[in-house]
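Structure at a glance
The residues making up each chain are set out below.
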Amino acid sequence: MSNNSITQIETFGFERIPDASRYARPIDLFRLLFGGCNTFSTSVLGSFPVLVGLSFKAGVWSIVLGVLAGTCILAPMSLFGPRNGTSDPVSSGAHFGIHGRIVGSFLALLTSIAFFALAVWSSGDALVGGAHDMVGVPVNAWTLSSAYMVFAVLVVVVCIYGFRFMLWVNKIAVWAASLMFVVVAFAFAGAFDPNYAGTLHEGGAGFWVAFVSGVLVALSNPVSFASTLGDWARYIPQHTPRHRVMGAVFAAQIATFVPFFFGLVTATLIATKAPSYIASNDYVGGLLAVSPRWFLLPTCLIAIIGGMSTGTTALYGTGLDMSSMFPRLLNRVRATMLIGTLAIGFIFVGRFAFNLVESVSTFSTLICTFSCPWMAIMVIGFITRRGHYLADDLQIFNRGGRGGHYWFTHGWNLRAMGAWLPAAFLGLSFVNLPGQFVGPLGSLAGGLDLSVPVSLAVGGIIYVVLLTMFPEPDAVYGREGRRFVRGSRGQALEPVHAQRMREEHTAGAVHELQRSPEYAE
C-alpha cells in the first residue's frame, strides 16, 4: 500500500500499477498537463510568431491551429496509461515489439531534455532579470548560472519524490500562475494594440514560411507530451470512461491559450516599445523592460512556480523510462538523478554556446517530426486491437526475459518499425529551417516546412499497408478480434523465458497473462 504523504518517495517504477493503488482522476491529469504549460516557457513559444515577423492576428491563427491540431493528435495517447498501468514507451512495446519500444524511449529523452531546458532557461532569466530591476542583482553569466542550477536541482528533487509531490506542485501552479497571468491584463491593457502589423504581410515574401513555422512551434507543445502522458495517466483507474480522460487532455491544452496569448500579446508590446530585444531574440529581457515596476514581483513568482511545474512534468517520465530500460542498473530514483545531471549539462551548453530561439525552433520541429508517426502508429494500433493489451507481456523486457505475445521478430515488430523509420526520415528531409537545418527536400514547397504533415501521413499509411500485407498474429488481439485489418491464423508465439508468470487460459478465446505475484503486494 502506498503512503499518502507527498514527502514519501514514490515506490512504483515501470511495473504495472495495481488497480487498488490507482487514485488519480482525470482532473489530476488536467492539472499536470496545464500546470506544466502554464509558465514562461509556453509564453516563449507564444512569442515566436512575433519574433519571426508575423502580425498579431496571424500569430493568433498560427497558435490556434497549432494547439488544436496537436491536441487532436495527442488526446488518444492518454488511453494507454489507464489501460496498461505503465508508461507509454513501455506500452508501445505492444506495437513496436518489446525491444522496439526504445523508439518511444528515445522520443521521451529528446522531449524531456528540450522542454526541461526551456523551462529552466526562461524561468531563470525572468527571475534574475526581475531581481535586477527590483534590488539591483547583476545580470551576468554567474547569476544566470546560479539561477539555472537552483531551478534544475529543485526540479530533480521533486521528480525524485515522485507523482504525489508533482501533483501537489501543479495544483499550486495552476491557480497561482493563472492568477499572475490575469494580473498581466491590468498591467498591459492600455498599451496593447491588436492591430500590430508585424514585418511580414500576407502574400508577401516569407509570410507563409513564418506562419507554418509558428504553427509547428505551437503544435510541438501538445505533441511534446506524447511519450510522457502515460507517466501520469497510469495512476487513473482502468475503467475510467475514455471520453473523460481524453476530455481532460483537450481541456488542459485549450487552457494553454492563456500563457500562449500572454507571450504573443507581450511580444507585440516589446516589438513596439523595445524592438532591440526582438532583434536579439530576447523575449524575457524585453518583457522586463516594458513591464511596470509593480509587475516585477509577479514576474518572479511566475518564474519560480512555473519553472518548477514545467520542469517536473518534463523530467519525471524520462527517469521512469530509463529505469525500465536498465532495470538491473537503475531504479527510478537513480535514473532520474542521471538524466537530470545530463540535462543540466545540456542547459548550460545550450544557453551559453547556442542561440536560444534557434535551439527551441529546431528542437520543436525535430520532436514533431519524429513523434507524429510514432503517435500515428500507436493510435492506429489501439484502434485495430480495440484497446486490447496484455499488460504483463509488456513487462517481459524489463524483467530481463524474452518471448511472449509482443516478441514478434526477436523483439522487434517490423511492421511498426518499417513504418516509423521511413516516415521519420522522409519528414526530416522536408524540414525547412533557414539558417538552422534544411533537408534535401525542404525547398519543394516554396520554403514551407512540410515535415510534420508528411511524417504523420506517411507513418500512418505505411503502417496500415504493412498490417494488411503482413497480418499480426491473432494472439495479440482480444476476444472481439481485429478491426479494419485481416487476420492470419496459425502463427506461433515465442515461448516466454522470463521470471515466473501466471497464465490463465480461456477455452476457444485468446488468453491473457495475469499479473505477476509482486502485484499482489
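Residues numbered from 1 in each chain as written. Predicted model: local features only at pLDDT ≥ 70, side-chain atom pairs only at ≥ 80, totals over all residues. Heavy atoms only, no water.

Secondary structure assignment for the protein chain yields 20 helices and six strands. The 521 residues of the protein chain split such that 61% are buried. Summed over its atoms, the accessible surface of the protein chain is roughly 19900 Å², and 66% of this surface lies on carbon and sulfur atoms. (Helix = DSSP H or I, 4+ residues; strand = E, 2+ residues; numbered from the N terminus. Buried < 20%, exposed > 50% of the residue type's maximum accessible area, 1.4 Å probe, protein only. Areas by Shrake-Rupley, 256 points an atom, 1.4 Å probe, with all protein chains shown as cover.)

Structurally, Asp 28 can be placed in helix H1 (residues 26-37). Polar contacts involving the side chain of Asp 28 include one to the side chain of Arg 31, which spans 2.9 Å. Not counting chain neighbours up to four residues away, the residues in contact with Asp 28 comprise Tyr 23, Leu 167 and Lys 171. (Polar contact = N/O pair within 3.5 Å; in protein donor to acceptor, adjacent residues only side chain to side chain. Contact = heavy atoms within 4.5 Å.)

Another aspect to go through is the nonpolar core. One finds Leu 29, Phe 96, Phe 116, Trp 232, Trp 374 and Tyr 406 to be the most contacted residues of the largest nonpolar core, which totals 145 residues. The biggest single contributor to this core is helix H7 (residues 102-135), with 13 residues. Ignoring any residue separated from it by four or fewer positions in sequence, one finds Trp 232 in contact with Leu 29, Leu 32, Leu 33, Phe 163, Met 166, Phe 225, Thr 313 and Tyr 316. Core analysis: the second largest hydrophobic core is formed by seven residues, Ala 58, Leu 200, Phe 207 and Val 215 among them. (Core = buried A, V, L, I, M, F, W, Y, C linked by side-chain atoms within 4.5 Å.)

A few words now on the packing of aromatic side chains. One pass over the structure, following the stated rule, counts 15 aromatic pairs. With centroids separated by 6.2 Å and ring planes inclined at 80°, the aromatic side chains of Phe 106 and Phe 370 adopt a geometry described as edge-to-face. Placement of the pair is Phe 106 in helix H7 and Phe 370 in helix H18 (residues 356-384), with a sequence separation of 264 residues. Where Phe 370 meets Phe 425, the ring centres are 6.1 Å apart and the plane angle is 85°; that geometry is what we call edge-to-face. Residue Phe 370 is found in helix H18, and its partner Phe 425 is found in helix H19 (residues 414-429); the two are separated by 55 residues along the sequence. Classification of Phe 370 as buried rests on a relative accessible area of 10%. (Phe/Tyr/Trp six-rings, centres within 6.5 Å; stacked < 30°, edge-to-face > 60°.)

The subject of this paragraph is unusual backbone geometry. Residue Arg 386 is not a glycine yet carries a positive backbone phi of 55°. You will see that His 410, though not glycine, has its phi angle at about 55°, which is positive. Structurally, His 410 is set in the loop between strand E1 (402-404) and H19. Residue His 410 is classed as exposed on the basis of its relative accessible area of 57%.

Quick look at the packing of helix H3 (residues 56-74) against helix H13 (residues 257-273) now. The relative placement of two packed helices comes down to the angle between their axes together with the axis-to-axis distance. One way to put it is that H3 packs onto H13 with a least axis distance of 11 Å and a crossing angle of 160°. Viewed along their axes, H3 and H13 adopt a mutual orientation that is roughly antiparallel. Here H3 runs over H13; the crossing is right-handed. Between H3, through Phe 56, Gly 59, Val 60, Ile 63, Val 64 and Val 67, and H13, the contact on the second element is made entirely by Phe 257, Phe 260, Phe 261, Leu 264, Val 265 and Thr 268. (Axes fitted to C-alpha atoms, helices over the stretch in contact; angles between N-to-C directions. Parallel < 35°, antiparallel > 145°, perpendicular 65-115°, else oblique. Left-handed = near helix turned anticlockwise from the far one by under 90°.)

Our focus in this paragraph is the environment of Leu 390. Secondary-structure assignment places Leu 390 in the loop between H18 and E1. We classify Leu 390 as buried; its relative accessible area is 0%. Counting along the chain gives 85 residues from Leu 390 to Ala 475, while the straight-line C-alpha distance between them is 9.9 Å.

The next point concerns the confidence of the model for the protein chain. Looking at the protein chain, the pLDDT average stands at 80 and 87% of residues meet or exceed 70. Low pLDDT (under 50) marks residues 498-521, which in the prediction has 53 contacts with non-local residues, meaning those over four places away or in another chain. (pLDDT = per-residue confidence, 0-100.)

Here we take up the environment of Cys 37. Mapped onto the elements, Cys 37 comes out in helix H1. In this view, Cys 37 contacts Thr 42, Asn 221, Phe 225, Thr 256, Pro 259 and Thr 310; residues no more than four positions away in its chain are not counted.

For the rest of this paragraph, the subject is the packing of helix H2 (residues 40-51) against H13. It is the contact of H2 with H13, at a shortest axis distance of 7 Å, that shows an interaxial angle of 50°. The pairing of H2 with H13 is recorded here as oblique in orientation. Judged by the twist between their axes, the crossing of H2 over H13 is right-handed. In contact with Phe 40, Thr 42, Ser 43, Leu 45, Gly 46, Ser 47, Pro 49 and Val 50 of H2, H13 contributes Pro 259, Phe 260, Phe 262, Gly 263, Leu 264, Ala 267, Thr 268 and Ala 271.

A separate point is H19. Taking 1.5 Å of rise per residue, the 16 residues of H19 would be expected to cover 22 Å, and the 22 Å separating its terminal C-alpha atoms lies within 8% of that figure. Those residues of H19 that fall on the buried side of the exposure criterion are Arg 415, Ala 416, Met 417, Ala 419, Trp 420, Ala 423, Ala 424, Gly 427, Leu 428 and Ser 429. (Expected span 1.5 Å × (residues − 1).)

All right, on to the pattern of salt bridges then. The tally for this structure, following the rule as stated, stands at six salt bridges. Measuring nitrogen to oxygen at the nearest pair gives 3.0 Å for the salt bridge that ties Arg 385 to Glu 472. Of the two residues, Arg 385 is situated in the loop between H18 and E1 and Glu 472 in the loop between helix H20 (451-469) and strand E4 (494-497); the sequence distance between them amounts to 87 residues. Glu 472 shares its class with Arg 385; the two are buried. (Salt bridge = Lys/Arg side-chain N within 4 Å of Asp/Glu carboxyl O.)

The subject of this paragraph is a nonpolar patch on the surface. On the surface, Met 134, Val 135, Leu 297 and Leu 301 cluster together to form a nonpolar patch covering roughly 360 Å² of accessible area. Going through the elements one at a time, H7 and helix H16 (296-325) are the ones with two or more residues in the nonpolar patch. If you trace the backbone, Leu 301 turns up in helix H16. Its relative accessible area of 37% is what places Leu 301 among the partly exposed residues. (Patch = residues over 30% accessible without salt bridge, like charges linked within 9 Å, V, L, I, M, F, W, Y side chains within 5 Å.)

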